[in-house]
Amino acid sequence: MHGLSLIQYAAIAALPLLFAITVHEVAHGWVALRYGDRTAQMLGRLTLNPLKHIDPVGTVLVPAILLLAGGFIFGWAKPVPVDWRNLRHPKRDMAIVAVAGPLANLGMAVVWALIAKLGLALGAASAWFAVPLILMGKVGVLLNLILMVLNLLPLPPLDGGRVLVGLLPDKLAWQVSRVEPY
């Protein structure tokens, strides 16, 4: 953001980023639970505690190196475990579980937009409070929309790849799903 130091930007982006990755992953686990898989619940991953979702390499190391290099920042969280064998209708339900994360990001983008609007409504009289709300709201909208669109790309192992597998005929779905481990 224009005029902010790296430390100021990190302070503004920290909360929206933590919520974006945490709520995204919890949404997968919560929907899996609704469709019959208790794996995430049994492993304590249905929590908004971001420490349970941080991948040391993907959430910390890779983004830090990219940030210091001044380039594009990329990273990932620990995926919430889902055992498709516990789902009532595995193929369909896995696609629904997959789309839950990006839908959670869409919902959070709306919430962050409302937070930015609140900051604008508070105006200059409360600038000490309004400006951080506006900045966090802008970052929250941008991060969540990027995460939503990126995760909806129809490429395994992204969420969109799992949705694609759920929509394709069985023979084709099996071939696409074989790509995921690579």
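Notes on the structure follow. Note that the structure is predicted; figures quoted are calculated from it, not measured.

1. Comments concerning the layout of surface pockets
Argument step 1. If you add up the space inside the largest pocket, you get close to 1500 Å³.
Argument step 2. Contributing to the lining of the largest pocket are 44 residues, with L17, I21, G75, W76 and L147 lying nearest its centre.
Argument step 3. Among the secondary structure elements, those contributing two or more residues to the lining of the largest pocket are α1 (6-34), α3 (56-69), α4 (90-122), α5 (127-151) and α6 (159-167).
Argument step 4. The element contributing the most residues to the lining of the largest pocket is α1, with 11 residues.
Argument step 5. Among the residues making up the lining of the largest pocket, the classes are represented as 33 nonpolar, seven polar and four charged.
Argument step 6. If you add up the space inside the second largest pocket, you get close to 390 Å³.
Argument step 7. Along its surface, the second largest pocket is lined by 18 residues, and W84, K91, M94, V165 and S177 are the ones closest to its centre.
Argument step 8. Every element with two or more residues in the lining of the second largest pocket is listed here: α4, α6 and α7 (170-177).
Argument step 9. Residue contributions to the lining of the second largest pocket peak at five residues, all from α7.
Argument step 10. For the lining of the second largest pocket, the residue count by class is 11 nonpolar, three polar and four charged.

2. Topic: the nonpolar core
Argument step 1. Ranked by size, the top nonpolar core spans seven residues in total: I12, A13, M108, W112, L135, M136 and V139.
Argument step 2. Contributions of two or more residues to this core are made by α1, α4 and α5.
Argument step 3. Core analysis: the next-biggest nonpolar cluster, separate from the first, contains six residues, V31, V97, A100 and A104 among them.

3. Some thoughts on the packing of aromatic side chains
Argument step 1. This model, assessed by the stated rule, comprises one aromatic pair.
Argument step 2. Aromatic side chains W128 and F129 sit 5.4 Å apart centroid to centroid with 50° between the ring planes, which places their arrangement in the tilted category.
Argument step 3. For W128, a relative accessible area of 71% puts it in the exposed group.
Argument step 4. Taking relative accessible area as the criterion, F129 reaches 40% and is therefore assigned partly exposed.

4. Notes on α1
Argument step 1. The end-to-end C-alpha distance of α1, which contains 29 residues, comes to 41 Å, matching closely the 42 Å that a straight helix rising 1.5 Å per residue would cover.
Argument step 2. Largest kink in α1: about 40°, centred on A13, with the proline P16 one to four residues after it.
Argument step 3. Phi turns positive, to about 115°, at G36, one or two residues after α1.

5. Observations concerning the packing of α4 against α6
Argument step 1. In contact at an axis separation of 8 Å, α4 and α6 are set at 155° when each is read in the N-to-C sense. For the element pair α4 / α6, the angle class is roughly antiparallel. Regarding α4 and α6, the two cross each other, and that crossing is left-handed. Along the contact surface, α4 presents K91, M94, A95, A98, V99 and P102, while α6 presents D159, R162, V163, V165 and G166.
Argument step 2. Within the contact of α4 with α6, the residues separate by chemical class into seven nonpolar, one polar and three charged.

6. Observations regarding the pattern of salt bridges
Argument step 1. Summed over the entire model, instances satisfying the criterion amount to five salt bridges.
Argument step 2. Ionic pairing is found between E180 and R162, a salt bridge with its closest N-O pair at 2.5 Å. Of this pair, E180 sits in the segment after α7 while R162 is found in helix α6, placing the two residues 18 residues apart along the sequence.
Argument step 3. Under the relative-accessibility criterion, E180 is labelled partly exposed at 27%.
Argument step 4. Of the residues examined, R162 reaches a relative accessible area of 24% and is grouped as partly exposed.
Argument step 5. Look at the salt bridges and you will find they share partners, linking D159, R162 and E180 into a network.

7. A look at a nonpolar patch on the surface
Argument step 1. On the surface, V57, L61, I65, F72, F74, W76, L150, L153 and L155 cluster together into a nonpolar patch covering about 850 Å² of accessible area.
Argument step 2. Here the nonpolar patch takes three residues from α3, the largest share from any one element.
Argument step 3. Here L155 is to be found in the loop between α5 and α6.

Procedures and definitions
- Residues numbered from 1 in each chain as written.
- Predicted model: local features only at pLDDT ≥ 70, side-chain atom pairs only at ≥ 80, totals over all residues.
- Heavy atoms only, no water.
- 1 Å grid on protein atoms, 1.4 Å probe; cavity = no way out; pocket = protein on both sides within 12 Å on 5 of 7 lines; lining within 4 Å.
- Points joined across faces, edges and corners; volume = space filled by probe spheres on them.
- Helix = DSSP H or I, 4+ residues; strand = E, 2+ residues; numbered from the N terminus.
- Nonpolar A, V, L, I, M, F, W, Y, C, P; charged D, E, K, R; others polar.
- Core = buried A, V, L, I, M, F, W, Y, C linked by side-chain atoms within 4.5 Å.
- Buried < 20%, exposed > 50% of the residue type's maximum accessible area, 1.4 Å probe, protein only.
- Phe/Tyr/Trp six-rings, centres within 6.5 Å; stacked < 30°, edge-to-face > 60°.
- Expected span 1.5 Å × (residues − 1).
- Bend = angle between axes of the 7 residues up to and from the residue.
- Axes fitted to C-alpha atoms, helices over the stretch in contact; angles between N-to-C directions.
- Parallel < 35°, antiparallel > 145°, perpendicular 65-115°, else oblique.
- Left-handed = near helix turned anticlockwise from the far one by under 90°.
- Contact = heavy atoms within 4.5 Å.
- Salt bridge = Lys/Arg side-chain N within 4 Å of Asp/Glu carboxyl O.
- Patch = residues over 30% accessible without salt bridge, like charges linked within 9 Å, V, L, I, M, F, W, Y side chains within 5 Å.
- Areas by Shrake-Rupley, 256 points an atom, 1.4 Å probe, with all protein chains shown as cover.

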